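# Architecture and fold: a report
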There are 4 protein chains.
Amino acid sequence: MKKLWGGRFKKKIDKDFFEFQKSIDYDYKLAEYDLYHSLIHVLALREAGILKDEETDKLTFALKVILKEINEGKFKPNQDCEDIHSDIQNRIEKKLGNLALKLHTLRSRNDQVVFDEKYYCFEKVMEIGKLLTALLKSITFLAKKYENQYLTGYTHTQPAQTVFFADYLGAFWNMFNRDHHRLTRFVDSLDNSIGAGSLAGTSLTREDYDRAIKKVLIDGKMKGIKPVENPLDNVSDRDFIVEFLSILVIVQMHLSRLAEDFILYSMKELNFISLPEEYCTGSSLMPHKKNPDFLELVRGSTGKIYGNLMAVITAMKGLPLTYNRDMQLDKEPLFSSVETIKDELKILAKFIKGIELNKDAIKKSLEDKTLYATELAEYLVRSEGVPFGQAHQIVGELVKYIEEKNKKVEEISGKKLKSFHPALNQKVIKKVMNPKYAVSAKRTVLRKSPKTRKHKK
Amino acid sequence: MKKLWGGRFKKKIDKDFFEFQKSIDYDYKLAEYDLYHSLIHVLALREAGILKDEETDKLTFALKVILKEINEGKFKPNQDCEDIHSDIQNRIEKKLGNLALKLHTLRSRNDQVVFDEKYYCFEKVMEIGKLLTALLKSITFLAKKYENQYLTGYTHTQPAQTVFFADYLGAFWNMFNRDHHRLTRFVDSLDNSIGAGSLAGTSLTREDYDRAIKKVLIDGKMKGIKPVENPLDNVSDRDFIVEFLSILVIVQMHLSRLAEDFILYSMKELNFISLPEEYCTGSSLMPHKKNPDFLELVRGSTGKIYGNLMAVITAMKGLPLTYNRDMQLDKEPLFSSVETIKDELKILAKFIKGIELNKDAIKKSLEDKTLYATELAEYLVRSEGVPFGQAHQIVGELVKYIEEKNKKVEEISGKKLKSFHPALNQKVIKKVMNPKYAVSAKRTVLRKSPKTRKHKK
Amino acid sequence: MKKLWGGRFKKKIDKDFFEFQKSIDYDYKLAEYDLYHSLIHVLALREAGILKDEETDKLTFALKVILKEINEGKFKPNQDCEDIHSDIQNRIEKKLGNLALKLHTLRSRNDQVVFDEKYYCFEKVMEIGKLLTALLKSITFLAKKYENQYLTGYTHTQPAQTVFFADYLGAFWNMFNRDHHRLTRFVDSLDNSIGAGSLAGTSLTREDYDRAIKKVLIDGKMKGIKPVENPLDNVSDRDFIVEFLSILVIVQMHLSRLAEDFILYSMKELNFISLPEEYCTGSSLMPHKKNPDFLELVRGSTGKIYGNLMAVITAMKGLPLTYNRDMQLDKEPLFSSVETIKDELKILAKFIKGIELNKDAIKKSLEDKTLYATELAEYLVRSEGVPFGQAHQIVGELVKYIEEKNKKVEEISGKKLKSFHPALNQKVIKKVMNPKYAVSAKRTVLRKSPKTRKHKK
Amino acid sequence: MKKLWGGRFKKKIDKDFFEFQKSIDYDYKLAEYDLYHSLIHVLALREAGILKDEETDKLTFALKVILKEINEGKFKPNQDCEDIHSDIQNRIEKKLGNLALKLHTLRSRNDQVVFDEKYYCFEKVMEIGKLLTALLKSITFLAKKYENQYLTGYTHTQPAQTVFFADYLGAFWNMFNRDHHRLTRFVDSLDNSIGAGSLAGTSLTREDYDRAIKKVLIDGKMKGIKPVENPLDNVSDRDFIVEFLSILVIVQMHLSRLAEDFILYSMKELNFISLPEEYCTGSSLMPHKKNPDFLELVRGSTGKIYGNLMAVITAMKGLPLTYNRDMQLDKEPLFSSVETIKDELKILAKFIKGIELNKDAIKKSLEDKTLYATELAEYLVRSEGVPFGQAHQIVGELVKYIEEKNKKVEEISGKKLKSFHPALNQKVIKKVMNPKYAVSAKRTVLRKSPKTRKHKK
């Protein structure tokens, strides 16, 4: 397949090396965006008088035919080509012969590839944003479904204090909402440009490009495409990929925590939640197993998403200006992270809706009185003016006592209770040490109805 | 040294474990911010009627004495304490006895530590922002000093095309300017809160906290401190640290590329720039050596900055809600990255000002005519209407010819030149193949005078 | 403080840069090994006739005085020095004046530092090996203490099949035993050398070095010190650090899994094990908490250990031969990983001995009959010749039935049981579905008595 | 497509989740090894009397038919299957109907997958070992071709001292030789086993497996297959993958350094080496470019190889025993690193043979007298008894002088030379400051003829 270079070369490229260096098997995903670049470029060449109107029309038509194929899902990359840019060039040559040789006038793949990748990031942020919104809605759905449900809250994987299930879910809602904002801030700062050439710009004017951009992208999806300002920076820059991958790292970190929590809460021994069966699998040996495979795969995907960021920043470390071929290796990690995160979010939004709470198991968990030790200490502070440090000590000793005696606090005699502090008795225990009291006493929590929660910006 | 917990414990803590788990040797850096938390908390306790005015005043005074010590650089952390929170508590106890036991009423270290760390991030972003601004100024200084200087531009570490030195530097200016914007966007999205308790909030009201915040931080540095909204999220959240470290990864990536380029350009064989001697070191064996140690250490620090991000995201992977002790390990990587980046930026701003261009060496480099091959191809396109694909082929063959013959292009006979294309002759060669023509023909580059470059937002 | 270079320099080093580049605050840990290098080097200089006997004796004596200080824990690095090599040189100069200037004859810090670091690795492998052996013993102790105890085995964090507790612990024993072998293989392949100079070797002969090595290290700890073979490789090589850090990554991976498991098994809801209180901490707010802090810090340290490997391999990426200053940054990650792993292993060996099993809780867990579903399917295969695929299906449907009916398998009528397969009845259920049957039927497991387990090589 | 589980499930698997969780698109690479497992397993079932001879023969035959397809490259994985184990099971069912249901008796995919992966690692180590051997041969070829060639040696990317080109190449030879040994040590410690079941072993005896193993692998490739010892460890263990990936990280680190060096040495400005054109590419815009793309892609692949290790160790962090679905995600990184390293090594062995030295350019580089500053200092030490510290200072000042005066050392008057040290004169300069003297004076270097270099173990 014809290459976009080669005049100065005496020898043919080594076959193994050709296979090693080609990128068509993954960069075909940029085809659509590459065609946008070509469409603008063709018009800019006409503005500059390098292409005639008729030539422009023919080239534009041929490009749009390929674009249509892509949009209809009919585009098949030619695996004999070096990359998507060469593939498209070859298709145009087949259709238009020598005229096609004018398409690559005054432009470089260095310019194309950064344009294509920025456009890709723009579109994928939009798609991930929608999936996050759907996930937020699923979380709100589940929170509303169990609106006044209490739950044992944990620190250090040990029961800590009672909370509302809706507030527990709200923590994840907040995480994914922050992710949404991060993506929004990122895409707002992302602009795109054309005209960098290889590294030094081209002899087309900024006005040539400007007019061309306006004509092509009249209904354009990505705003802010401009003539390049500093082409050396433009072709060297992969910040946007690192920034995108970093945001996805945080999304994945949240996903891994949700996965871990739901795996724990669905353990036979806690049994707070039942996972929707259609996202679990069984064992080929043990007939009774119903395993939380989806959550495990989500948790395990953290390796992939973290590794992809590491791959790109390692490749970029210490690269001299401007373009170096190392930078080709940013694409696979980018595509991998984007596609994995999309899959996870899409399935998770459905998964969450299928979760059911096992109220009995939760209720039993909430009967453990030590969950209300903090409330008891607060009671001593508020009602009796005991300095908190002492109240903490008193209740701590009470806990030690019931553990040693293997008793429940409600079984302790009034006399014994008084020995810890004169104000303690079973009436106080009953009043203070229960979920309703505990949760309602937490007055800092902002309890918006789930309906009124909104994306803030 | 007294701990903030312990009533329910029968056994004393193991000595090796105590050493392993304590954080005072690094978290003392949060002392200032922890005092802000305490100052607000004390006022909130008064608002809630838990502290009397007199008690409030005493506690506030004692806290401010420690704050003064910190501001005067006199604060020495007590290495026998578990952490900075315990250290401060112990100091207050020494001064105020039992009254100090009221300080920790209704609050948790889980709440304090996230408050402290957010405040730390806020202040460090401000400091790094200033250092970036100074670096941008140094770059502008150097660009102006050599305003009309040409430079060989590289792709693939091979000479590519001629550019302005100011545009070359402008690429780095753009990188660090983007970093500045990233930090600004980050800090704009960073808010802080108080009142999360351990995970479930406290019985103080949002109004109690609100009034307290307003009183303490009347001249406060960090805006946007609020009563907590979702305490489960609040104590679980380390997004801000990952986001900050991710931004520093990009800063460091830029630093590593600048270091690599300057190491190359100061190689004896290129000799484009002379590095300021006061940032180089010699060899203990080889008397002639002047090594670019600063740049090498900057490049090598990339490992540290990347590794620190990896450390925190690995620790956070799959952590169940809410607080887990694993999260203590976010501090050392955070502090390490912040301090390293600050050192690098501070020295680099001075370093850049000391760089000198070796104009003769650059001039010699620019005499290589193949640098203008692209311009020659463009000439054929523009003047002769040769399709670019063919012009590229023609010039490629010319390059192959002069390499085989080991000739310079200006030595080729007119007849031979014509054999490549009828329009080629030495007059054209002379006109087109020189730095001035090449650079001025790049009309896409936005050539702002360095003075007019501004931080955009 | 005097530097080991400087004759060709006109300007003094920048103060900020000096602070940035100096390594004395961490490389003082190499002091002992650096003295070994010097002791050998001095003798080699005498062999070559460059030092006189008297000079040799004076230098040797002065070096040994410092070595004694180190061994007695009295050595304090001088923070004004650049690095430990300069520090030691300065001390010798203070004692011996001009004679000290002969110490650095024909050697380079490039040679010293790689020698020192290899020696450090050698010694630390030995120390970690001993700690692993102690840990293996603790595990064996616990396994013997509960020798015939059953335990619920898990896959996918869901109960799977019954196993012996000793076999469960044996899995960790195997992991740490493999780690021990990995370290042994590593140290067996580690050799050390002297004489590389900066990169090109020195004019001392291999015989000079050979004789000197034999004299100094007559009772030497590290075997296999030799005259350098390829000095370019020698000063460039940091493989041994990456290999050591990679092995520690696997150790840490094992530690993180043990920590996770023990955190789960000590959850209130499983309660299989009680953690020794002296390795737990409480909450400053919640008086009842006893948190598995040690295990959490071990799990969280995974970030540090992974990040340290990442730091070194990132710094080494793409470094040109031979020595570059970037390589200085290998030390902090190396020391950090070694010291952290040592702390973890040391405490864990004690921690494990303090663990107690809660036999009642485990027994209750083992009463869940679905744990024996696999055994029931095997019974149908073995006794009735049912193809396993069908037996799996039959038992799967039985499990579905009891879940839907919320019944226990021992409550199902004989008639109903027969409807799943004619051979099923309560007698079979009773025989097959219990821990003893299940565990004794696993005939592949190699049941060595813990006493007879040995390190294999 | 039929799954290997499902009896207890009421709902069908979600389609998106099925796609997300399936592994057939990559784990088909394990097909061959999975068939080995099945072949052993079938014989073991016969040994245990569970399969009849006739059944055994039919199953064995069916398995071997598939094995033949694989060996002939005709095997196409069925993308509708969940994984390769299910794919093979389905093929057998199509051929043998109900008999096939007996194949999965008493075994688990947990056991199969770890067997398959260990076998894969074994085979790939062998393949990579051969490629490394070929690379070592190429390096030796090039070293011999330029046997007595000098080269400028570098530290800090600055000319340092003169070395033999063969010794320079020998540094890389050593690196790849160490890699070879690391792989050998790894594979020597790698054993494989069968019979773990899901986590608890099976009811087949160790003898059943032993006999089966001996029969199947009578001409088997992987030695050391044994009945499992501790099945809980066996199904949990992925150490071997982490260890393999860690070794490949070091191989890649070496590749990246070689790439960087060769990129530098082929820079137009150094021009020490010419790269074989068939491994370079051109520019689509700039007709004169010949870029070191292969080397850049090798350098850039470092990101991939590092990221793959990070992916697996992150996924394994904190996983509870025993098998978890997260572990499925070890395969793609493993395959990616193995295949990338193989490609790199294969091409590099050819690439190296095509390298040509530009002796003129090297000779010119060696004329720089400062390269011999160290030899001059040594001369003062050896001939005049000047302490090295002073000799270093004297020569340093001489270097400073010639730089300030912009003179060459051979142009300095005898009088001036004497002012630095009485023993200095042009005769000494001439004798000492040249490549031959410098290289022959390095007596530590072990100069084996390339022919006699051998893999040591």
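In case you missed it, the structure is sitting above this.
What comes next is a walk through the structure. (Residues numbered from 1 in each chain as written. Chains lettered and ligands numbered in written order. Predicted model: local features only at pLDDT ≥ 70, side-chain atom pairs only at ≥ 80, totals over all residues. Heavy atoms only, no water.)

### So, the interface of chain D and chain C
The interface is formed by 111 residues belonging to chain D together with 111 residues belonging to chain C. At the boundary of chain D with chain C, total buried surface from both sides reaches about 9,300 Å², with 57% on carbon and sulfur atoms. Of all residues in chain D, D:Arg257, D:Leu321 and D:Thr444 bury the most surface against chain C, accounting for 9% of the area lost on that side. Inspection of the chain D/chain C interface yields 12 salt bridges. At the surface where chain D touches chain C, the tally comes to 47 residue pairs in polar contact (both at pLDDT 80 or more). In terms of residue count, helix H10 (residues 239-265) of chain D provides more of the side of chain D that touches chain C than any other element does, 13 residues in total. (Contact = heavy atoms within 4.5 Å. Buried area = accessible area lost by both parts, 1.4 Å probe. Salt bridge = Lys/Arg side-chain N within 4 Å of Asp/Glu carboxyl O. Polar contact = N/O pair within 3.5 Å; in protein donor to acceptor, adjacent residues only side chain to side chain. Helix = DSSP H or I, 4+ residues; strand = E, 2+ residues; numbered from the N terminus.)

### Let's talk about the pairing of strand S1 (residues 150-155) of chain B
All names here are of chain B. Across the 6 residues that make up S1, a large majority, 5, are buried. Bridging between S1 and strand S2 (residues 158-164) involves 6 bridges; their strand directions are antiparallel. Pairing of Thr152 across the sheet is with Thr162, part of S2. With antiparallel pairing between neighbouring strands as the criterion, S1 and S2 make up a hairpin whose turn holds 2 residues, including His156 at a positive phi of roughly 55 degrees. (Buried < 20%, exposed > 50% of the residue type's maximum accessible area, 1.4 Å probe, protein only. Pairing = 2+ DSSP bridges.)

### Side note on the relation of the copies chain A and chain B
Mapping chain A onto chain B leaves a residual RMSD of 0.0 Å; the transformation is a rotation of 180 degrees accompanied by 0.0 Å of translation along its axis. Both copies are brought into coincidence by an operation consistent with a two-fold rotation axis. By C-alpha distance to the rotation axis, the residue of chain A lying nearest is A:Ser246, at 3.1 Å. Mapped onto chain B, 100% of the interface residues of chain A are again interface residues, and the two copies thus contact each other with one and the same surface. (Least-squares fit on C-alpha atoms with pLDDT ≥ 70 in both.)

### Some thoughts on the environment of B:Pro227
Residue and element names in this part refer to chain B. Along the chain, Pro227 turns up in strand S4 (residues 225-227). The sequence separation of Pro227 and Arg211 amounts to 16 residues, and the corresponding C-alpha distance is 9.9 Å. Setting aside residues no more than four positions away along its own chain, Pro227 makes contact with Ser193, Ile194, Arg206, Tyr209, Asp210 and Ile213.

### Notes on the relation of the copies chain D and chain C
With an RMSD of 0.0 Å, the operation that places chain D on chain C is a rotation of 180 degrees combined with a shift of 0.0 Å along the axis. Taken as a fraction of all interface residues of chain D, those also at the interface in chain C reach 100%, which identifies the copy contact as same-surface.

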